[in-house]
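Okay, here's what each chain looks like letter by letter:
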Amino acid sequence: METSRPSRQVRTFCRICEVHCGLVVEVAGTPSSPGGERVLKVSPDREHPVSRGYCCVKGLGLGALHHDEDRLATPLKRVDGGLVPIGWDQALAEIGARVRDLVSEHGPRSVALYQGNPSFFSLAHTLMSTAFVEALGSPNVFASHSIDVNTKFHVSTEMYGASLVHPVPDLEHTEMFVCLGSNPLVSQMSVLTVADAAGVLQRIEQRGGRVVIVDPRRTETAQRLGEHLPIRPGTDAYLLAAMLHVLTHEEGLDLAHARRVARGVEELVAAAAPWTPERAEAVTGIPAATIRALATDYAAASAGQGGGGAALYCSTGVNMGPFGSLAYWLIQALNLLTGNLDRRGGLLVPRGAFDTLRLARLVGLGSFDEHRTTDGRWHRVAGAFPVAALADEITTDHPDRVRALFVTAGNPVHSVPGSDLREALPRLDLLVSVDLYRNETADHADYVLPATDMLERGDYPASHQSLQLVPHAQWTPPVVEPLGERRNEWQIFSDLALASGVRPIGLTAAHALPRLNRLLRRLPGSPQLGLEQIIAVLLRWGRRTSLRELRQKPEGVLLPPTEPGSFLGHRVATPDGLVDLAPADLLADLARLEAAEADLARPGVLRLVGRRDRRSHNSWMHNNSHIRQPAGNTALMHPDDAADRGVADGTQVQVSSATGAVTLPVALTTDVARGVVVVPHGWGHATSGARRARALPGVNVNDVVPGGPAHMDPVSGQAIMLAHEVEVTPVSGGVTAPRSSATR
Ligand SMILES: Nc1nc2c(c(=O)[nH]1)N[C@H]1C(S)=C(S)[C@@H](COP(=O)(O)OP(=O)(O)OC[C@H]3O[C@@H](n4cnc5c(=O)[nH]c(N)nc54)[C@H](O)[C@@H]3O)O[C@H]1N2
Ligand SMILES: Nc1nc2c(c(=O)[nH]1)N[C@H]1C(S)=C(S)[C@@H](COP(=O)(O)OP(=O)(O)OC[C@H]3O[C@@H](n4cnc5c(=O)[nH]c(N)nc54)[C@H](O)[C@@H]3O)O[C@H]1N2
Ligand code: SF4
Ligand SMILES: [Mo]
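Residues numbered from 1 in each chain as written. Chains lettered and ligands numbered in written order. Predicted model: local features only at pLDDT ≥ 70, side-chain atom pairs only at ≥ 80, totals over all residues. Heavy atoms only, no water.

### Digging into the domain arrangement of the protein chain
Domain assignment breaks the protein chain into domain 1 (7-67), domain 2 (76-148 + 357-558) and domain 3 (603-743). With 28 residues of domain 2 at the contact, the number on the domain 3 side is 32 residues. Buried area between domain 2 and domain 3, summed over both chains or domains, comes out near 2200 Å², and the portion from carbon and sulfur atoms is 51%. When the buried surface of domain 2 facing domain 3 is broken down by residue, W378, H414 and P417 rank first, second and third, together holding 26% of it. Counting the contacts that link domain 2 with domain 3 gives 1 salt bridge. Close ionic contact of D703 with R422 constitutes a salt bridge, the shortest N to O distance being 2.9 Å. Linking domain 2 to domain 3 there are 16 residue pairs in polar contact (both at pLDDT 80 or more). Only α18 (412-415) and α19 (420-424) provide two or more residues apiece to the side of domain 2 that touches domain 3. (Domains from an automatic or database assignment. Contact = heavy atoms within 4.5 Å. Buried area = accessible area lost by both parts, 1.4 Å probe. Salt bridge = Lys/Arg side-chain N within 4 Å of Asp/Glu carboxyl O. Polar contact = N/O pair within 3.5 Å; in protein donor to acceptor, adjacent residues only side chain to side chain. Helix = DSSP H or I, 4+ residues; strand = E, 2+ residues; numbered from the N terminus.)

### A look at the packing of helix α9 (residues 236-250) against helix α11 (residues 265-272)
It is the contact of α9 with α11, at a shortest axis distance of 8 Å, that shows an interaxial angle of 110°. Taken together, α9 and α11 sit at an angle that is classed as roughly perpendicular. Crossing handedness for the pair α9 and α11: left-handed. Where α9 approaches α11, its residues A241, L244, H245, T248 and H249 are matched on the opposing element by L268, V269 and A272. Taken together, the residues that form the contact of α9 with α11 break down as 5 nonpolar, 3 polar and no charged. (Axes fitted to C-alpha atoms, helices over the stretch in contact; angles between N-to-C directions. Parallel < 35°, antiparallel > 145°, perpendicular 65-115°, else oblique. Left-handed = near helix turned anticlockwise from the far one by under 90°. Nonpolar A, V, L, I, M, F, W, Y, C, P; charged D, E, K, R; others polar.)

### Details of the site of ligand 1
In the neighbourhood of ligand 1, 30 residues make up the surrounding shell, with S187, D215, D236, S315 and T316 lying closest. V214 is positioned with one of its backbone polar atoms (N or O) 3.0 Å from a nitrogen atom of ligand 1. Side-chain polar atom of T316 to an oxygen atom of ligand 1: 2.6 Å apart, as the coordinates give it. Burial of ligand 1 by the surrounding chains reaches 96%, relative to a free accessible area of 920 Å². Of all the secondary-structure elements, those providing two or more residues to the shell around ligand 1 are α6 (184-187) and α14 (316-319). Classifying every residue of the shell around ligand 1 gives 8 nonpolar, 15 polar and 7 charged. (Near = heavy atom within 4 Å. Areas by Shrake-Rupley, 256 points an atom, 1.4 Å probe, with all protein chains shown as cover.)

### A word on the UniProt feature "domain: 4Fe-4S Mo/W bis-MGD-type" (unreviewed entry) in the protein chain
The feature "domain: 4Fe-4S Mo/W bis-MGD-type" (unreviewed entry), as given by UniProt, occupies residues 7-70 in the numbering adopted here. Helix makes up 16% of residues 7-70 and strand 31%, and the two end C-alpha atoms of the span are 25 Å apart. (UniProt positions renumbered as here; feature names shortened; annotations may be inferred.)

### Let's talk about the sheet that holds strand β13 (residues 310-314)
One open sheet holds the 4 strands; their spatial order is β11-β10-β9-β13, and the pairing between them is parallel. At either end of the open sheet lies a strand with only one pairing partner, and these are β11 (227-229) and β13. In this sheet, adjacent strand axes meet at a mean angle of 15° when their direction is disregarded. For strand β10 (residues 210-214) and β11, the ladder comprises 3 bridges, and the chain directions are parallel. Looking at the pairing, V212 lines up with E227 of β11. (Pairing = 2+ DSSP bridges.)

### As for the pattern of salt bridges
Summed over all chains, the structure comprises 35 salt bridges. The residue E220 makes a salt bridge to R217 at a minimum N-O spacing of 3.0 Å. In this structure R217 comes out as buried when scored by relative accessible area, which is 8%. We note a salt bridge from R615 to D613, for which the minimum N-O separation is 3.3 Å. Since its relative accessible area comes to 24%, D613 is described here as partly exposed. Residues participating in the shared-partner salt-bridge network are R71, D453, E456 and R486. (Buried < 20%, exposed > 50% of the residue type's maximum accessible area, 1.4 Å probe, protein only.)

### As for the nonpolar core
Ranked by internal contacts, the top residues of the largest apolar core, which has 92 residues, are F177, M243, L336 and L581. Excluding residues within four positions of it along the chain, F177 makes contact with P169, L171, M189, L201, I204, R210, V211, V212, A311 and Y313. Within the second largest apolar cluster, 82 residues are counted, among which are V99, A124, A353 and Y437. (Core = buried A, V, L, I, M, F, W, Y, C linked by side-chain atoms within 4.5 Å.)

### What about the environment of E175?
Tracing the backbone through its elements, the reader meets E175 in the loop between β8 (168-169) and β9 (176-180). A polar contact of 2.9 Å, which involves the side chain of E175, links it to the backbone nitrogen of G308.

### Description of the sheet that holds strand β26 (residues 676-678)
Read once around its circumference, the closed barrel built from 6 strands follows the order β22-β26-β23-β25-β24-β27, with strand pairing classed as mixed. Adjacent strand axes in the sheet meet at a mean angle of 45°, parallel and antiparallel pairs treated alike. Note: strand β24 (residues 652-656) against strand β25 (residues 661-668), 5 bridges, orientation antiparallel. Bridge pairing in β25 links Q654 to T663.

### Thoughts on helix α13 (residues 288-302)
Here α13 spans 21 Å end to end across 15 residues, near enough to the 21 Å set by a 1.5 Å rise per residue. Here α13 has its buried residues at A288, I291, L294, A295, Y298, A299, A301 and S302. (Expected span 1.5 Å × (residues − 1).)

### Considering the site of ligand 2
Close to ligand 2 lie 31 residues; Y114, D435, R457, E489 and S619 are nearest. For ligand 2, whose free accessible area comes to 920 Å², the fraction covered by protein is 96%. Those elements giving two or more residues to the shell around ligand 2 turn out to be α18 and β17 (430-435). Partitioned by chemical class, the residues of the shell around ligand 2 number 13 nonpolar, 13 polar and 5 charged. Two domains each donate at least three residues to the shell around ligand 2, and these are domain 2 (76-148 + 357-558) and domain 3 (603-743).

### Focus: empty space enclosed by the protein
Across all of its chains, the model carries 9 cavities of 30 Å³ or more by this definition. Of the volumes computed, that of the largest cavity is approximately 140 Å³. Taken together, 14 residues form the lining of the largest cavity, with C17, C21, C56, K58 and Q188 sitting closest to its centre. Residue composition of the lining of the largest cavity, by class: 9 nonpolar, 3 polar and 2 charged. The calculated volume of the second largest cavity comes to roughly 70 Å³. As for the second largest cavity, its lining consists of K152, H166, P167, V191, L312, Y313, C314, Y328, I331, Q332, N335 and L347. The set of elements that each furnish at least two residues to the lining of the second largest cavity consists of β13 and α15 (324-337). The element that contributes the greatest number of residues to the lining of the second largest cavity is α15, accounting for 4 residues. Split into classes, the residues belonging to the lining of the second largest cavity amount to 8 nonpolar, 3 polar and 1 charged. (1 Å grid on protein atoms, 1.4 Å probe; cavity = no way out; pocket = protein on both sides within 12 Å on 5 of 7 lines; lining within 4 Å. Points joined across faces, edges and corners; volume = space filled by probe spheres on them.)

### Observations concerning the packing of α15 against helix α24 (residues 584-601)
Running from N to C, α15 and α24 cross one another at 125°; their axes reach a closest spacing of 10 Å. Taken together, the axes of α15 and α24 lie oblique to each other. Judged by the sense of rotation from one axis to the other, the crossing of α15 with α24 is left-handed. Each of S325, L326 and W329 in α15 lies in contact with α24, whose residues at this interface are L586, L587, D589, L590 and L593. Here the contact of α15 with α24 is composed, by residue class, of 6 nonpolar, 1 polar and 1 charged.

Next up, the structure:
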């Protein structure tokens, strides 16, 4: 009998970051037994075919997340300024009625959705929340990828015809890996699924290959491995343009292959003409000779003299900079021109268990959208408008302005730069937050709805499967029943659609499911059956595995490795099947590169960049009792920059910009290049409903980072969040503040 067994073990996988580590969860009890179902322990799954026992403390904290007493337990409604518990029926009925009124009075565009980062780790969540607003007839989907990777999504749409195509560096075979703006040891990288990234990079060196880390800070990764190349913040596009210049204008790279698989080769080469390494030296701070050597070494490794190919890669340290789209375009161009794209040891384009590309096209994601923001300025990228434009969409006089906002798995008040959004939110008639916690965004919400955590729902990592270094597939059932009144977003958004008088018809697959879901809920068993059916059909369609096989092998299965030569000329999704090396908007954006050159090279200026911590995850890991929490955030800067400003190590400083100021402790280190200030984001929870997080010191760096349309990448809509000029001043007294009194 179930209750007589002390505990059971369930295999699942973590969905906090892109690694998707295999986990084994030990569970005791049943939902009906005294004390209920309890997660006793979360361990790394050594049987997982890819992560093979790798995981981090955040995944091991999933049990603590599940049982956290500060988690939302019931829907909350704002009454007299406070949030009070109400039942689901009341919440859904009231929200539905307000949506109906708004839509009938002001039209469908009055309703908007913001999807935060964790929503993209749940297929059902992404599908149904999108389906909800689209069923209302609103294009107003905003997403966290516009404060993260819109640059990549936009550039891939233009070059490869689909936002989801991102060549993956073949790290297990490469001879040279050039990594810009990522800290793999801490973050495990992004737009790439690789377990134990630092271990994988170390193996490159053990094979006799090279790892080059381009970063303004000597990161934890650079301290452990590779060659560190410090760069001035925001200037990677100059470095990359110069590398292209060296190869095409000095080294006479053979372009025959490129001409066969791409169009725009001549325009691209012409565009590289003015960007000499000498010019790049002045702005990047990297000597011209080093740039030349990097370019020629890269091309030589590409030629496979040691057998193995080379890969250029960038992550958020470049995406969030002023020229993220230009940089990603140049990286793709360099990888292709040197013959590294679609080749062993270079970069490969994985397929996944089913064709995500075709699926995306079927459901209307990832193509250029006809929709524009009300001012006509911004288009959707990967199905969503840039969130940095949301404040204007709320405050504009346009009749189509946003009046109701649903925020799901997001904390935009905290995560979006500047104060525009925070100041715009009071103009809304309705703000609903769907979350695990009462986060800072909920401070402004009319309703807060409690969602399930990942142990409480089944899933398949559909949105990341085409980014896997080692292709694999895994299905997880829900490990435990939802606690309290928590509901999964699939159900919440389908119920919201029904309460608002619409059926989600925006996405083909989701068509009839809300109704089916409602019927299924009356049956014993899971309301997730709709998702399982979709996954089963998709896997059958892909013919690489089946849901049945994944159920039999709960630790996951390996899929056939990505074949070199399977992308170019075969799966490029542009109309003519050729890679576009010279998209007009990117060529035009080079003018901005030219215009900013002198400013970025200015000496004596301090520029702000970010950093992550292994124990944190954006703004939402600070309440986890399994994690020994860092004591808030600390600014890092070079001792000489500090001395110039009378700043002493360990004291309180003010970091300020034209946008705002924060006060926090400073640590001096020569690991940070001169002219750089590093402040981690995601901190400052003074108003949070999560009590442990609230008690921690820390400040929100986005109070200092400028926001809004003036600070967006004009091509992709990505918010420019790095390399802004700041000043650092000692706080009067200049003494180290005790932890508990550090400024929030
Ligand atoms: N532990 C942990 N892991 C995470 C997360 C987390 O919060 N915590 N977040 C997850 C998410 S959502 C994402 S998107 C990924 C992000 O993963 P990464 O992109 O690897 O993010 P970071 O670790 O912040 O590394 C960015 C690096 O860019 C450097 N940098 C800053 N400005 C510049 C510049 O102008 N040029 C160059 N070349 N480098 C620059 C910074 O110094 C920093 O070392 O991490 C994911 N993994
Ligand atoms: N200055 C600066 N700002 C940054 C960054 C930076 O490097 N510097 N990084 C940016 C990046 S890369 C990202 S991805 C964004 C993230 O931006 P957001 O996605 O807006 O914010 P997060 O802090 O990730 O908050 C996620 C919220 O989702 C909730 N949550 C977690 N799991 C679930 C779930 O399963 N269901 C539901 N419904 N809710 C859930 C959490 O409780 C939390 O409140 O922040 C960006 N902001
Ligand atoms: S590295 Fe950590 S957060 Fe990322 S999937 Fe693995 S356990 Fe989860
Ligand atoms: Mo992110």
